[in-house]
Every structure is written in structure tokens, then in C-alpha cells.
Amino acid sequence: MYKEKDSVVFLLLFFILLPYLMTVLILGRKACPLSREISLEEYVPAVTASQISWDYSKEAIKVQTVAARSNLYVQQDKAAENPLIQEAVSYIRKLDMNSFMLEKYQVFLEAARETRGQVLKENGEVKEIPYHAVSGGKTRDGAEILGEVYSYLSSADTSKDIDSPDYVKGCYFSKEELENKIQEHYTGFSFDEAGTVEVKTSDSAGYVLDIQIGNQEFQGEEIKAILDLPSSCFTVQKLEEEIRFLCRGQGHGMGISQYTVQQMSLEGKKYEEILSYFFPELRLESLN
């Protein structure tokens with residue numbers, strides 16, 4: 001009974017405040033001449049909502065909320081308009097925010113309120129927290145890929161991701177299709193007589209670092225973007241008529257694997273414990 005009343009009150013308040021909230025989110029605080037400034041904290045729910053499945057548990061959403069807040073803080077001085085806020089604006093604009101969606105959005109408001117001000121720090125410094133949807137079975141070692149400054153991104157076992165329906169995807173290209181896609185970015189590209197497609201090096205998590213295709217060598221993340229692959233964690237097979245990129249996971253594989261986070265939350269793990277699992281060298285602390 002009380003839960004139903006709370007939902008009704010929430011929806012009424014949300015509809016009353018919606019014009020203001022949407023104006024702030026879409027046009028920025030200058031469009032709302034109130035006496036106080038809008039803090040980054042008030043953008044956290046919308047930014048989080050644009051980054052994770054709305055069907056995930058509140059505990060998983062809390063993990064992403066802490067990551068979103070940390071990244072908002074780290075990036076707040078990098079540009080006049082924070083790119084994370086702009087992405088959230090674009091995302092929210094495309095949604096049909098009916099009563100059902102507004103009620104689901106309440107989880108993001110609650111997650112932000114229950115973790116208010118919390119970020120991940122190393123020696124008192126807020127750190128950038130990367131995330132991805134599904135890993136290739138374990139997350140990547142930050143020091144190995146980006147250098148010692150990212151050593152706080154330690155590799156974590158995420159073998160639970162194997163159960164994700166998005167864990168494996170085969171992407172097929174004819175030689176001509178592959179050549180055309182690469183030539184859109186590199187006009188001098190061409191296949192050699194052997195039609196070479198060969199992975200040269202991979203990191204310890206299985207993500208491709210360098211791959212030779214025809215007359216050029218590419219970074220794994222670069223060819224992922226060119227071919228619109230779900231992940232740079234792939235193997236390559238030359239078939240009779242096509243070339244197959246067999247990809248594992250979705251995203252860059254660094255930091256948080258959201259699918260594993262969801263599975264850990266369903267096992268009863270709290271957001272503090274989950275964050276500690278992925279980032280054992282970082283501390284969950286208040287911005288203040």
C-alpha cells in the first residue's frame with residue numbers, strides 16, 4: 001500500500017519537475033535562471049541511465065553510478081561542455097519518457113542518492129573508471145595496455161560473461177568488402193597476393209594489439225572501429241568465400257564488465273564489494 005502511494009507521489013513530483021529537469025539536462029543550467037548553480041551531482045542519474053541497461057539491478061546500477069560520478073568529476077575541466085553530459089542529453093532526447101519509463105528512471109535517482117558524492121580514488125585523487133558491456137572472459141591489464149599510470153586497472157576474472165547472449169559474435173566479410181571498408185579510411189590500402197589477414201600480437205586478456213591486413217598493419221582497436229566489430233578480442237579465419245572475425249565480448253575490455261557486475265549483484269554482492277573486486281587498489285571515498 002505504502003509502496004504504491006510512494007510511486008504515485010514520485011510520479012506526480014516527477015511530472016511537476018520534469019520541464020525544469022529536462023531543460024537543465026538538455027539546455028544546461030544557464031537556461032534555468034535559479035539562484036543556485038546546478039552541480040555535477042544532479043547530472044549523475046541521467047548520465048548513468050545513458051550508460052547501462054535499465055533492466056539491471058539497483059546494486060549493479062549503483063556500481064555504474066559511482067563510475068559515472070568519478071568520470072564526470074575527472075572530465076569536468078576538460079571541455080566547456082562535458083562530453084558525458086552531452087551524450088546523456090542525446091540519449092534522453094530519444095526516449096519516450098512515459099509513466100512506465102519515469103518509474104524505471106526512479107532507480108537511477110535512488111542509486112545516485114544512496115551513493116551521493118562517492119567516487120573511486122587512489123591516494124586522494126579521483127580516477128577515471130572505464131567500463132564495457134561484456135568482456136572476453138577477463139578484463140584487460142591497464143599497465144600492460146596504457147602504461148603504469150593506469151596500473152589501478154588490474155585484470156579481473158570475468159568468466160561469468162561467457163553466459164551472456166552477447167559473448168560471441170561472428171562478423172563475416174568478403175575480401176572486396178573488407179578492402180572497401182579499409183580504403184574508406186586508408187586510400188592506399190590494398191591486399192597482397194596472399195590476401196594476408198594475420199593477428200600479430202595480442203595482450204594477456206586475448207585482445208588484439210596488432211593485426212596485418214594486406215599491405216598495412218593496424219591496431220586492434222583501430223580495426224574494430226573501421227569494421228564496426230563488437231570487440232577487439234577476436235580471432236581471424238580465412239574461409240572459402242569470406243574472412244571471419246570471431247569476436248568475444250562487447251567493448252574495449254577495460255575496467256568494469258557490466259554483465260559480470262549484474263551477475264555478482266544477483267548473487268547478493270553489494271556495490272562496495274563489487275567495486276573492490278574490480279579495483280582492489282582504489283578506495284571508495286567522498287568527493288568532500
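Residues numbered from 1 in each chain as written. Predicted model: local features only at pLDDT ≥ 70, side-chain atom pairs only at ≥ 80, totals over all residues. Heavy atoms only, no water.

Overview of a negative patch on the surface
So, step 1. On the surface, Glu-176, Glu-177, Glu-240, Glu-241 and Glu-242 cluster together into a negatively charged patch.
So, step 2. By the secondary structure assignment, Glu-240 is in the loop between β8 (234-238) and β9 (243-248). (Patch = residues over 30% accessible without salt bridge, like charges linked within 9 Å, V, L, I, M, F, W, Y side chains within 5 Å. Areas by Shrake-Rupley, 256 points an atom, 1.4 Å probe, with all protein chains shown as cover. Salt bridge = Lys/Arg side-chain N within 4 Å of Asp/Glu carboxyl O. Lys, Arg positive; Asp, Glu negative; His and termini not counted. Charge placed at Lys NZ, Arg CZ, Asp CG, Glu CD. Helix = DSSP H or I, 4+ residues; strand = E, 2+ residues; numbered from the N terminus.)

Topic: the sheet that holds strand β6 (residues 208-213)
So, step 1. Pairing within the open sheet is antiparallel, and its three strands lie in the order β5-β6-β7. Taken across any chain shown, the strands that pair with only one partner, and hence form the sheet edges, are β5 (197-202) and β7 (216-219). The mean angle between the axes of side-by-side strands here comes to 25°, regardless of whether they run parallel or antiparallel.
So, step 2. By the bridge criterion, four bridges tie β6 to β7 in an arrangement that is antiparallel. Counted as the bridge partner of Gln-212 is Glu-217 from β7. (Pairing = 2+ DSSP bridges. Axes fitted to C-alpha atoms, helices over the stretch in contact; angles between N-to-C directions.)

Examining the packing of helix α3 (residues 58-75) against helix α10 (residues 271-278)
So, step 1. Where α3 meets α10, the axes come as close as 9 Å, and the angle between the chain directions of the two elements is 55°. Taken together, the axes of α3 and α10 are oblique relative to one another. Considering the relative orientation of α3 and α10, their crossing is right-handed. Residue-level inspection shows Glu-59, Lys-62, Val-63 and Val-66 of α3 in contact with α10, the latter providing Tyr-271, Ile-274 and Leu-275.
So, step 2. Classifying every residue of the contact of α3 with α10 by side-chain character gives five nonpolar, no polar and two charged. (Parallel < 35°, antiparallel > 145°, perpendicular 65-115°, else oblique. Left-handed = near helix turned anticlockwise from the far one by under 90°. Contact = heavy atoms within 4.5 Å. Nonpolar A, V, L, I, M, F, W, Y, C, P; charged D, E, K, R; others polar.)

Observations concerning the nonpolar core
So, step 1. Grouped together as the largest cluster of nonpolar side chains are 21 residues, with contacts concentrated most on Val-47, Trp-54, Leu-72, Ile-85, Met-97, Tyr-105 and Phe-108.
So, step 2. Every element with two or more residues in this core is listed here: α2 (44-49), α3, α4 (83-93) and α5 (99-114).
So, step 3. With six residues, the top contributor of residues to this core is α5.
So, step 4. If near-sequence neighbours (up to four positions away) are discounted, Leu-72 is found in contact with Leu-40, Val-44, Val-47, Asn-82, Leu-84 and Ile-85.
So, step 5. Listed in part, the 20 residues of the second largest apolar core include Ile-182, Ile-213, Leu-229 and Ile-243. (Core = buried A, V, L, I, M, F, W, Y, C linked by side-chain atoms within 4.5 Å. Buried < 20%, exposed > 50% of the residue type's maximum accessible area, 1.4 Å probe, protein only.)

Quick word on the packing of aromatic side chains
Two aromatic rings, taken as a pair, are described by how far apart their centres are and by the angle between their planes.
So, step 1. Tallied over the entire structure, the rule returns 11 aromatic pairs.
So, step 2. Taking 5.5 Å as the distance between ring centres and 70° as the angle between the ring planes, the aromatic pair formed by Phe-189 and Phe-191 counts as edge-to-face. Grouping residues by exposure puts Phe-189 and Phe-191 together as buried.
So, step 3. With 5.4 Å between their ring centres and 85° between their planes, Tyr-277 and Phe-278 make a pair best called edge-to-face.
So, step 4. Judged by relative accessible area, which is 1%, Phe-278 ranks as buried.
So, step 5. Counting every residue linked through ring pairs, the aromatic cluster contains Tyr-186, Phe-189, Phe-191 and Phe-218. (Phe/Tyr/Trp six-rings, centres within 6.5 Å; stacked < 30°, edge-to-face > 60°.)

Thoughts on the confidence of the model for the protein chain
The predicted coordinates should not be examined in detail at positions where pLDDT is low.
So, step 1. For the protein chain, per-residue confidence averages 88 on the pLDDT scale, and 85% of positions sit at 70 or higher.
So, step 2. pLDDT under 50 marks residues 26-36. Its contacts with residues more than four places away, or in other chains, come to 16 contacts. (pLDDT = per-residue confidence, 0-100.)

Brief notes about the side chain of Ser-231
So, step 1. Note that Ser-231 resides in the loop between α8 (220-227) and β8.
So, step 2. Relative accessible area serves as the criterion here: at 0%, Ser-231 is assigned to the buried category.
So, step 3. Looking at Ser-231, its side chain comes within polar contact range of the main-chain oxygen of Arg-248, at 2.9 Å.
So, step 4. Ignoring anything within four residues of it in the chain, the contact list for Ser-231 reads Tyr-207, Lys-224, Cys-247, Arg-248, Gly-249, Gln-250 and Gly-251. (Polar contact = N/O pair within 3.5 Å; in protein donor to acceptor, adjacent residues only side chain to side chain.)

Here's the deal with the sheet that holds strand β4 (residues 168-173)
So, step 1. Taken in spatial order, the three strands make up an open sheet running β4-β9-β8, and their pairing is antiparallel. One side of each edge strand has no neighbouring strand; the edge strands of this open sheet are β4 and β8. Sheet twist, expressed as the average angle between the axes of neighbouring strands with direction ignored, equals 20°.
So, step 2. Relative to β9, β8 runs antiparallel, the two sharing five bridges. When the bridges of β9 are listed, Val-236 appears paired with Phe-245.
So, step 3. Those strands touched by helix α7 (residues 175-183) are β4 and β9, and its axis lies near 90° from that of β4.

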